[in-house]
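These are the residues of each chain, in order.
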Amino acid sequence: MSSLEVTDLSVRFGGHLAVGGVSLRVDGGRICGLIGPNGAGKTTTFNAICGVITPTSGRVVLDGRDVSKLSTHQRARVGIGRTFQRLEVFSSLTVRDNVRVGLEIRKGWSRRRAPAPAFLAGGADISPVDEVELILQRLQLTELADLPVGSLPTGQARLVELGLALAARPRVLLLDEPASGLDERETVDFGNLLVDLAGAGLGILLVEHDISLVMRVCEHLSVLDFGQVIAAGDPVAIRSNEAVLAAYLGAPAGDDELVGAAAIAEAAGHANGHGPGRGGAS
Amino acid sequence: MDKFLTFTIAGLSTAAIYAIAASGLVVTYTTSGIFNFAHGAFGMLAAFAYWQVNQGWGVPVIPSVILVVFVMAPLFGAVIERGIMRGIEGASEVVKIVVTVSLMVALLGIANVIWPPDVARPVPPFFAGKTVEIAGVAVPYSRILTMAIAIAVAVGLRLVLRRTRLGVAMRAIVDDRALLQLNGGRPGRTAMLAWALGAGLAAVSGVLIASEQTLSAVTLTLLVVNAYAVAVVGRLRSLPGAFLGAVVLGLAESYATGYIDPSYALGPVSLQNLRTAIPAVMLFVVILVQPEARLRAHGVSRPRSPVRPPSQVTAIWGGIALVLVAAAVGSLLSAPDLNLVSKGFGFALITLSLVPLTGYAGQISLAQMTFTGIGALAMATWGATGSPVGVAIAVVLCAVVGAVVALPALRLSGIYLALATAAFALFCTSMVFGQSEVMPGGSIQVPGLSIGGFEVTNDYRQLILFAVTFALLGNLLVLLRRSAWGRRVAAMKDSPVACATLGLNLTSTKVGVFALSAAIAGLGGALAGRTFIADDFGLTNSLPITMLAVVGGIGSVAGAFLGGLLLGAIPIASTIFAANAIGIFRFVSMPVTDVLSFTPGLMGISLGQEPDGAAPQMAAGYRAVGESVPSLVIAGVGGVGLWFATRAGVITKWSFFAALLVFVVAVVPLLPILFAPDTPEGPRPRRAATGIWLALGLLVAAFLPWADRISSNGWRILGIGVFTFLVLRVAIGVMGVVPESLKKVEHPSPDELGLDRPLSRADALDAGRSLGLDEELMPSAVGAGIGGAP
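Report on the accompanying structure. All values reported here derive from a predicted model rather than from experimental measurement.

**A few points about the sheet that holds strand β2 (residues 16-27) of chain A**
All names here are of chain A. Here we have 4 strands laid out as an open sheet, ordered β2-β1-β4-β5, and antiparallel in their pairing. In this open sheet, the two edge strands, each paired with only one partner strand, are β2 and β5 (65-66). As judged from the 8 bridges shared by strand β1 (residues 3-13) and β2, these two strands associate in the antiparallel manner. Its bridge partner being in β2, Leu-9 is matched across the sheet by Val-22. Set on the sheet, helix α1 (residues 42-50) makes contact with β1, β2 and β4 (57-62); between it and β1 the angle comes to about 115 degrees.

Given below as structure tokens:
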């Protein structure tokens, strides 16, 4: 099983400390959540982990190998994959070609058959062409395969982005608000997909505002506020954590101000109990 | 010591001018996001306007300066912003660069027409050259004035940017344009003021330079490269950085003038021209030491029209057709025309070099003719007998040089590549093509290719060689575009950051593309088989290549061909129209050749309206022809028939031209509609009537005595053009069906979203995206979750 360890990561923009000493651990087979209010430093943490920005200090270790000095594409090659808060797909290419590009970047020009990743055909030998089709099937994109991605609605384009990332065969996948732009049904399906992927051994770090999704799929949560981890633990513990409620409400929970807290509690309740639900104000 | 002091003061004075020019550049770039390559041309125009007002009309110095710097230049800048730049705000970087480069070329052309360069226009120095003695050195008052103005500009700009509402708005635009608008700011008006300010600063620098040197439109326009070099020190955004850069460049140039003896030489390379190469060298060095650009996630934008790569079969047939048409047309032309057409094909080969770079990868180069020159030199040196070995060396050499030149700039954003290639072009002009050892007498003869018994001995064979090479390379590029490499490059153009996080090494991929592009341009030089002069390889000749390639539609091989032909058509048109003039009433009469000199610039500026170029639109019209067998047969038979008729002397060459134009423009695109099977609901074209009308039009075009009735070539061409247009419009009217390619493309408006069903959150996000709103602003307004607490 692979694991990603982030130790004491800090990012400073001029005088502003965007991320201050964040430590995280993502193990293969588990979905970990990273939540926090807007501007808490979630995306900056992602950027620093995958090398899009250079952190001021801190280490990123993948399976015992320190990757802190590697460039973005080198980190991708050793197994750190990600998606983006604002969709990054190849909008002039078709859905199939998008996934293909992800694969071709990884494999170069090779057409040889190789064992499939666990989440696809369970280790059987497949050719690159098969792999593209399997990924499309897995994400239920086969019917859209020949459409240009630029013509798809956001929800489906999000799936393409995930397909791209999967084609690169990451060991650890960082997902930045993957459910934004999905409707409720799509979000439920997406959550199930994430659980399946993790079940096949992939480590997933999820940044998401849809708290019901987070509560449902994550085994472990870290809460960021002002660039620092203010709480970490399993979702049930986080739900009742004072510091977390304070961070979301801006003040200790009072009598009437429990909208946000109620959102967390309600969402978690839904997640634990009776299927899908979306918390908070509608 | 006196000498040192003299040159220090001279250097500081030059630095002052550069600083003023560069601050104008920085101000417009930061507020509008458009890097104004025409900044030097603004200054040049102001200098000429000053000469006109002061010397031409005899207005005293101070009113002239006020009129030019404070009235004319700001007005001009505002008009340019309003009329041109506003339209390209959201356009790709390539379009932005091409439009301002086109503006520069157009202004240069216009200035040359208004103020012909063959007249000397001295501008007397300010204070009549009086000097004051400082530490034993005579310093002209004008230099002190220049430095004082620079300091005033620095202080003034700082005050404007920090203390006034305008300045705050200008800085706000840089941070977040949409937010400024939401808060009641007016980004449009602010950008206009910024351009007015930028043009005013360009005018100050232009007038100051004019008072020290003789007026030359080209020199003044290209002085902008010095301003680029200076602005790059401040990463194009910082004014103090630009001032620092200006001091370094001004002093370096001045000391080079003072202390490098013109007779010095490094081996065979004379250092006589070193001074002119200093800005280019400095630009390179500064780009080299810049840290790598940060990758940014922008979120995808929807492509205006995804360019489908043609199938290989289409490309092969296209190649064969091109060679056949070239062979047929070439056999009908007289020697001088053949020479021009063959040159036009040569340009098409060089524009083709931009297809992988600009079309596929979205990068830009302003130095394609420089690579052509290097290829030509290599061929002349190592392939003097026309041996293919010379061609091979030329191609490899250009690829290597291209990779080395592009590597530092490719780590940064596209604008730096444009700057670096422009600097490379200027550097090579002075240090390579300007060297008498390299190009004795300033010209070079590229030997005709001789390969396996095929020797290029005349223009007809040269034309065939170009056509075959273009067809082969075009097919190769289509093949590459459809390969894994091509997908990867297209993906990189869409989202660099996604490619990097998938494991693609962006820099090495881009360097590979650039090397390929340089190699093709070099091939164009090695195969040219003609005499070049040093000027052919200069920056001013590379710019039109890039401009017209993009105008033609650089996303496709066909677009490159169109661009090349446009470029080739200008000298042809110049000879044909040599005797014509366009008159507006009787007051202004301009020779057509003058108009043509700035046409490429105007064509480039028009890109703001149609950023994809012309080829995709035309391709849409002809695509249907390829899918309809009877149409293809008629198109082929008709073309061959016309050629035989001309060959056999049945119709004259002008009639051939007229008939061919009618056939290609009016008949062929309508054929698929005439042959389309009837559909129950579709409109029924009036087939017989349309067919008869088209045949009539063709016959009239073929047998009307164009050559005898109309004496001037220019009017004849105009007449044929109008006739063709009429035949097409009437045919469409008779047919009763408007072809798809002529219909306006309707983009669904975001306003219409959700009219047929309730809006979902995804729709809202989609609408936000197409309206250009920031997605991060959306969830709190639309969504739920923790962030949704009111």
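Moving on from the model shown.
**Comments concerning the packing of aromatic side chains**
Residues and elements named next belong to chain B. Taken as a whole and assessed by the stated rule, the structure comprises 14 aromatic pairs over all chains. Ring centres 5.0 Å apart and planes at 45 degrees place the aromatic pair Phe-532 and Phe-537 in the tilted group. Of the two residues, Phe-532 and Phe-537, both sit in the buried class. Among the aromatic residues, those joined into a cluster by ring pairs are Phe-4, Phe-7, Tyr-255 and Tyr-259. Above the plane of the ring of Tyr-259 lies Lys-3, whose end atom (NZ or CZ) is 4.6 Å from the centre. Here the basic side chain of Arg-121 rests over the ring of Trp-51, its NZ or CZ set 5.1 Å away from the ring centre.

**Some details on a positive patch on the surface**
Residue and element names in this part refer to chain B. Positive charge collects at one region of the surface, where Arg-158, Arg-162, Arg-163 and Arg-171 lie side by side. Residue contributions to the positive patch peak at 3 residues, all from helix α5 (residues 141-163). Note that Arg-171 resides in helix α6 (residues 165-175). Given a relative accessible area of 33%, Arg-171 falls into the partly exposed group.

**Some thoughts on helix α30 (residues 687-703) of chain B**
Residues and elements named next belong to chain B. The terminal C-alpha atoms of α30 lie 24 Å apart, and with 17 residues this matches the ideal 24 Å at 1.5 Å per residue to within 8%. Within α30, burial applies to Thr-690, Leu-694, Gly-697, Ala-701 and Ala-702. Around the axis of α30, the buried residues are gathered within 130 degrees of arc, so they sit on the same side. Set apart from the buried face of α30 by more than 90 degrees, the exposed residues are Ala-688, Ile-692 and Phe-703.

**Looking at the pairing of strand β2 (residues 137-140) of chain B**
Residue and element names in this part refer to chain B. Residue alternation in β2 divides its side chains into a buried set, Val-137 and Val-139, and an unburied set, Ala-138 and Pro-140. Sheet analysis places strand β1 (residues 131-134) next to β2, joined by 4 bridges and oriented antiparallel. Residue pairing across strands places Thr-131 opposite Pro-140, the latter belonging to β2. Between β1 and β2, which follow one another and run antiparallel, lie 2 residues, and Ala-135 among them has a positive phi close to 50 degrees.

**Looking at the packing of helix α3 (residues 95-107) of chain A against helix α5 (residues 154-167) of chain A**
Residues and elements named next belong to chain A. Where α3 meets α5, the axes come as close as 7 Å, and the angle between the chain directions of the two elements is 25 degrees. In terms of axis orientation, α3 runs roughly parallel to α5. At the point where α3 passes α5, the crossing takes the right-handed sense. When α3 is examined against α5, the residues Val-95, Asn-98, Val-99, Gly-102, Leu-103 and Arg-106 are found in contact with a partner set consisting of Val-160, Gly-163, Leu-164 and Ala-167. Looking at the contact of α3 with α5, its residues break down into 6 nonpolar, 3 polar and 1 charged.

The rules behind the values
- Residues numbered from 1 in each chain as written.
- Chains lettered and ligands numbered in written order.
- Predicted model: local features only at pLDDT ≥ 70, side-chain atom pairs only at ≥ 80, totals over all residues.
- Heavy atoms only, no water.
- Pairing = 2+ DSSP bridges.
- Helix = DSSP H or I, 4+ residues; strand = E, 2+ residues; numbered from the N terminus.
- Contact = heavy atoms within 4.5 Å.
- Axes fitted to C-alpha atoms, helices over the stretch in contact; angles between N-to-C directions.
- Phe/Tyr/Trp six-rings, centres within 6.5 Å; stacked < 30°, edge-to-face > 60°.
- Buried < 20%, exposed > 50% of the residue type's maximum accessible area, 1.4 Å probe, protein only.
- Lys NZ or Arg CZ within 6 Å of the ring centre and 35° of its normal.
- Patch = residues over 30% accessible without salt bridge, like charges linked within 9 Å, V, L, I, M, F, W, Y side chains within 5 Å.
- Areas by Shrake-Rupley, 256 points an atom, 1.4 Å probe, with all protein chains shown as cover.
- Salt bridge = Lys/Arg side-chain N within 4 Å of Asp/Glu carboxyl O.
- Lys, Arg positive; Asp, Glu negative; His and termini not counted.
- Charge placed at Lys NZ, Arg CZ, Asp CG, Glu CD.
- Expected span 1.5 Å × (residues − 1).
- Arc of directions from axis to C-beta.
- Parallel < 35°, antiparallel > 145°, perpendicular 65-115°, else oblique.
- Left-handed = near helix turned anticlockwise from the far one by under 90°.
- Nonpolar A, V, L, I, M, F, W, Y, C, P; charged D, E, K, R; others polar.

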